[in-house]
Amino acid sequence: MKIYLDNNATTIVDPYVFDEMEPFFVQKYGNPNSLHYFASETHAPLKEAMQKIYAGIHAPEEDSVVITSCATESNNWVFKSIYNEYVITGKKNHIIISEVEHPSIIATAKYLENLGCNVTYLPINHEGIIEADMVRDYITDKTALVSIMWANNETGAIFPVQEIGDICAEKDVLFHTDAVQAIGKTPVDVQSFNVDYLTMSAHKFHGPKGVGALYMKKGKELTPLLHGGSQMGGYRSGTLNVAGIVGMGKAMEQAIDALDFEMSDIRELRDHFEEELLKIPDTFVVTPREKRTPNTILISFRGIEGESMLWDLNRSGIAASTGSACASEDLESNPVMEAIGAEADLAHTAIRFSLSRYTTEEEIEFTLAVVKEAVDRLRGISSSYAYAPEGHESGLEAH
Ligand code: 7TS
């Protein structure tokens, strides 16, 4: 049996999405900007796909959705655009982010710091959540942008974007949210709160890899990223990724259709999985379940290196993660666990299980049995577990 529980890294392409994309490789392969039949037969599918993306986030027609190659690009773009529009021009020079943003935000912020921008990295609280009031405390008249993710990819923690958006609007500061882990897991409606820019990625909601998007509210600035053509309103030139855009549109439609299922049935399956995992002694989960996306569990097994657990799981055909795939080739501890102040040995023991609407009960029962066996085996040979003092403080609360 092969079991995929790493859906925060990427997801299987929905078969309906694949079907919808397929004709655009060997049949309808025209360049949409050409002046013949091959071009024109792509126009309606592209328009329809864009409408589905707009509808998925409730974006009004006058706002912009610019297609990119991935969320990393969307995130880089917003930050570098802010640098161009505000920092170089001397208008403002400060950006606020959380210290648990995805590396595509943190690394870009650090890059801009080297270019003279001031960056504030807000800490998370003991539940792994950013408190909106903290954003207010750090905004100054030099703050150009606040960028706080909607849902954290490691823990699934949902951040208070509504309140943060209100604070930014009140202080006249631009607000960007990386909604990569929110789409398809919680309702996303850009008209229901104050947001200026929002990042998405198709492969996180059963769409293809290599296509993402950046939403931008009407009247906001964005420096063109790629020059040389008129595509995407001149913001991002280059021949359109027709199959990718069609796929992203269909994936968005499917994700919205499946949202209730995700928020009820998948949540229930996740909760059952987590309850059973927490029956294993010395296990810890940071963020309370009701404050998380319905599909994610980040759990620590004291005394067991995350990588050892992954090895045992992988041998049984189960794919999980010790955190973001972007960082997991080195044996670093989990960044969220560190940010929360967990002691180093516990930060190294975190395993992320992320479910999807394709995850079955049978897969979860099998995984539970494998995890229990792995815990017994690995604790049996773990010197750190054997020597852990009684009543050892974890820095975390068990849930
Ligand atoms: N933002 C968030 C919140 C993410 O979780 C990821 C990918 C990205 C941006 C980057 O997306 P991409 O479209 O550029 O690939 N996160 C993960 C992860 O948690 N494990 O592997 C990739």
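Up top is the structure these notes are about.
Below you will find a few notes about this structure.

What counts as what
Residues numbered from 1 in each chain as written. Predicted model: local features only at pLDDT ≥ 70, side-chain atom pairs only at ≥ 80, totals over all residues. Heavy atoms only, no water. Helix = DSSP H or I, 4+ residues; strand = E, 2+ residues; numbered from the N terminus. Rg over C-alpha atoms; globule rule 2.2 N^0.38 Å. Buried < 20%, exposed > 50% of the residue type's maximum accessible area, 1.4 Å probe, protein only. Contact = heavy atoms within 4.5 Å. Areas by Shrake-Rupley, 256 points an atom, 1.4 Å probe, with all protein chains shown as cover. Lys, Arg positive; Asp, Glu negative; His and termini not counted. Charge placed at Lys NZ, Arg CZ, Asp CG, Glu CD. Pairing = 2+ DSSP bridges. Axes fitted to C-alpha atoms, helices over the stretch in contact; angles between N-to-C directions. Near = heavy atom within 4 Å. Polar contact = N/O pair within 3.5 Å; in protein donor to acceptor, adjacent residues only side chain to side chain. Nonpolar A, V, L, I, M, F, W, Y, C, P; charged D, E, K, R; others polar. Domains from an automatic or database assignment.

**As for the overall build of the chain**
Thinking step 1. For the chain, the count of helices and strands is 14 helices and 12 strands.
Thinking step 2. Against the 2.2 N^0.38 benchmark of 21 Å for 399 residues, the chain shows a C-alpha radius of gyration of 22 Å, consistent with a compact globule.
Thinking step 3. Structurally, the chain occupies a C-alpha span of about 70 × 50 × 35 Å along its principal axes.
Thinking step 4. Split into buried and exposed, the 399 residues of the chain put 57% on the buried side.
Thinking step 5. When contacts within the chain are restricted to residue pairs at least 6 apart in sequence, those whose partners lie at least 24 apart make up 73%.
Thinking step 6. Carbon and sulfur atoms provide 52% of the accessible area of the chain, an area that totals close to 17100 Å².
Thinking step 7. Taken together, the 32 basic and 59 acidic charged side chains of the chain have centroids lying 4 Å from each other.

**Points about the sheet that holds strand 7 (residues 197-201)**
Thinking step 1. Pairing in this open sheet of 7 strands is mixed, and the strands run 2-8-7-6-5-3-4 from one edge to the other. At either end of the open sheet lies a strand with only one pairing partner, and these are strand 2 (64-68) and strand 4 (118-122). Strand-to-strand, the axes of this sheet are offset by a mean angle of 20°, without reference to chain direction.
Thinking step 2. As paired elements, strand 6 (residues 174-178) and strand 7 share 3 bridges and run parallel to each other. Looking at the pairing, T177 lines up with L198 of strand 7.
Thinking step 3. Set on the sheet, helix 3 (residues 37-56) makes contact with strand 2 and strand 7; between it and strand 2 the angle comes to about 115°.
Thinking step 4. The strands touched by helix 4 (residues 71-87) are strand 2, strand 3 (94-98), strand 5 (143-147), strand 6, strand 7 and strand 8 (212-216); relative to strand 7, the strand with the most contacts, the crossing angle is about 155°.

**Some remarks on the site of the ligand**
Thinking step 1. Of all residues adjacent to the ligand, which total 19 residues, the nearest are T72, D178, Q181, S201 and K204.
Thinking step 2. Q181 is positioned with one of its side-chain polar atoms (N or O) 2.7 Å from an oxygen atom of the ligand.
Thinking step 3. Separating a nitrogen atom of the ligand from a side-chain N or O atom of K204 is a distance of 2.9 Å.
Thinking step 4. Counted by class, the shell around the ligand contains 7 nonpolar, 9 polar and 3 charged residues.
Thinking step 5. Counting only domains with at least three residues in the shell around the ligand, you end up with domain 1 (15-257) and domain 2 (260-383).

**Regarding the side chain of D271**
Thinking step 1. Here D271 shows up in helix 9 (residues 259-278).
Thinking step 2. A residue is classified by how much of its surface remains accessible, and D271, at 18% relative accessible area, is buried.
Thinking step 3. Only 2.9 Å separates the side chain of D271 from the side chain of R270, close enough to count as a polar contact.

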